[in-house]
Amino acid sequence: QVQLVESGGGLVQAGGSLRLSCAASGSIFRINTMGWYRQAPGKQRELVAVIIRDGITNYPNSVKGRFTISRDNAKNTVYLQMNSLKPEDTAVYYCAAQIEDSLTRGRNDYWGQGTQVTVSS
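Quick caveat, the model's predicted, so the values are computed rather than measured.

Calculation criteria
Residues numbered from 1 in each chain as written. Predicted model: local features only at pLDDT ≥ 70, side-chain atom pairs only at ≥ 80, totals over all residues. Heavy atoms only, no water. Helix = DSSP H or I, 4+ residues; strand = E, 2+ residues; numbered from the N terminus. Rg over C-alpha atoms; globule rule 2.2 N^0.38 Å. Buried < 20%, exposed > 50% of the residue type's maximum accessible area, 1.4 Å probe, protein only. Contact = heavy atoms within 4.5 Å. Areas by Shrake-Rupley, 256 points an atom, 1.4 Å probe, with all protein chains shown as cover. Lys, Arg positive; Asp, Glu negative; His and termini not counted. Charge placed at Lys NZ, Arg CZ, Asp CG, Glu CD. Core = buried A, V, L, I, M, F, W, Y, C linked by side-chain atoms within 4.5 Å. Salt bridge = Lys/Arg side-chain N within 4 Å of Asp/Glu carboxyl O. Pairing = 2+ DSSP bridges.

Trainee: Looking at this structure, I do not really get the overall build of the protein. What am I missing?
Mentor: In terms of regular secondary structure, the protein is built from 0 helices and 11 strands. Ordered by position in the sequence, the α and β elements of the protein form the string β-β-β-β-β-β-β-β-β-β-β. Computed over the C-alpha atoms, the radius of gyration of the protein is 14 Å, within 12% of the 14 Å expected from 2.2 N^0.38 for a compact globule of 121 residues. The principal-axis extent of the C-alpha atoms belonging to the protein is close to 50 × 25 × 25 Å. Here the protein holds 121 residues, and the buried ones make up 41% of them. Sequence-distant contacts, at least 24 apart, represent 57% of the contacts inside the protein between residues at least 6 apart. Entry remark: accessible area of the protein is about 6500 Å², with carbon and sulfur atoms responsible for 46%. Where the 13 positive side-chain charges of the protein centre and where its 9 negative ones centre are 3 Å apart.

Trainee: In this structure, what is going on with the nonpolar core? I would like to understand it.
Mentor: Soluble globular proteins: nonpolar side chains tend toward being buried together. One finds Trp36, Leu80, Met82, Tyr93 and Ile99 to be the most contacted residues of the largest nonpolar core, which totals 31 residues. Among the elements of the structure, strand S1 (2-7), strand S3 (18-26), strand S4 (28-39), strand S5 (46-51), strand S7 (67-72), strand S8 (77-82), strand S9 (91-101) and strand S11 (115-120) are those that each provide at least two residues to this core. By residue number, the principal contributor to this core is S9, which donates 5 residues.

Trainee: Would you explain the pattern of salt bridges in this entry?
Mentor: All told, the structure shown has 5 salt bridges when counted by the stated rule. In this structure, Arg38 and Glu46 form a salt bridge, with 2.6 Å as the shortest nitrogen-oxygen distance. Judged by relative accessible area, Glu46 falls into the partly exposed class, the value being 35%. We note a salt bridge from Arg107 to Glu100, for which the minimum N-O separation is 3.6 Å. The exposure class of Glu100 is buried, given its relative accessible area of 7%. Each of the salt bridges in this network shares a partner with another, and the network as a whole consists of Arg38, Glu46, Arg66 and Asp89.

Trainee: What should I look at first to understand the pairing of strand S10 (residues 107-111) in this one?
Mentor: It is a general feature of regular strands that their side chains alternate between the two faces of the sheet. Relative to S10, S9 is paired through 5 bridges, and the arrangement is antiparallel. By the bridge assignment for S10, Ala96 is matched with Trp111. Taking the residues that link successive antiparallel strands as the turn, the S9-S10 hairpin has 5 residues, and the phi of Arg105 there is positive, at about 60°.

Note that every value here comes from positions in space, so none of it alone points to a role or purpose.
Next up, the structure:
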């Protein structure tokens, strides 16, 4: 069993910052790609940031220069530093990871439960 648990969401004023964390636990052999997605009410889930195992990152234009994704492979944890937050960043944020299971050596995608980020104007 593999679990992803997010933390760090909350309410912040426009222009403020938040840092999200997502820790993976369970029967983990290796974590490959890790990422953050978000879903606002009435909208589709969208990619916010992605990082592969060697640290290469990618962001959509909507958050580039404001958000930074990082990971600690020793802790099986991925982070999302969000600066200069805007009201349109309000959404439920989900972490996701492609994980190789140490028991089965199968490779599957896992999702966290989501954490609410609300940016007030």
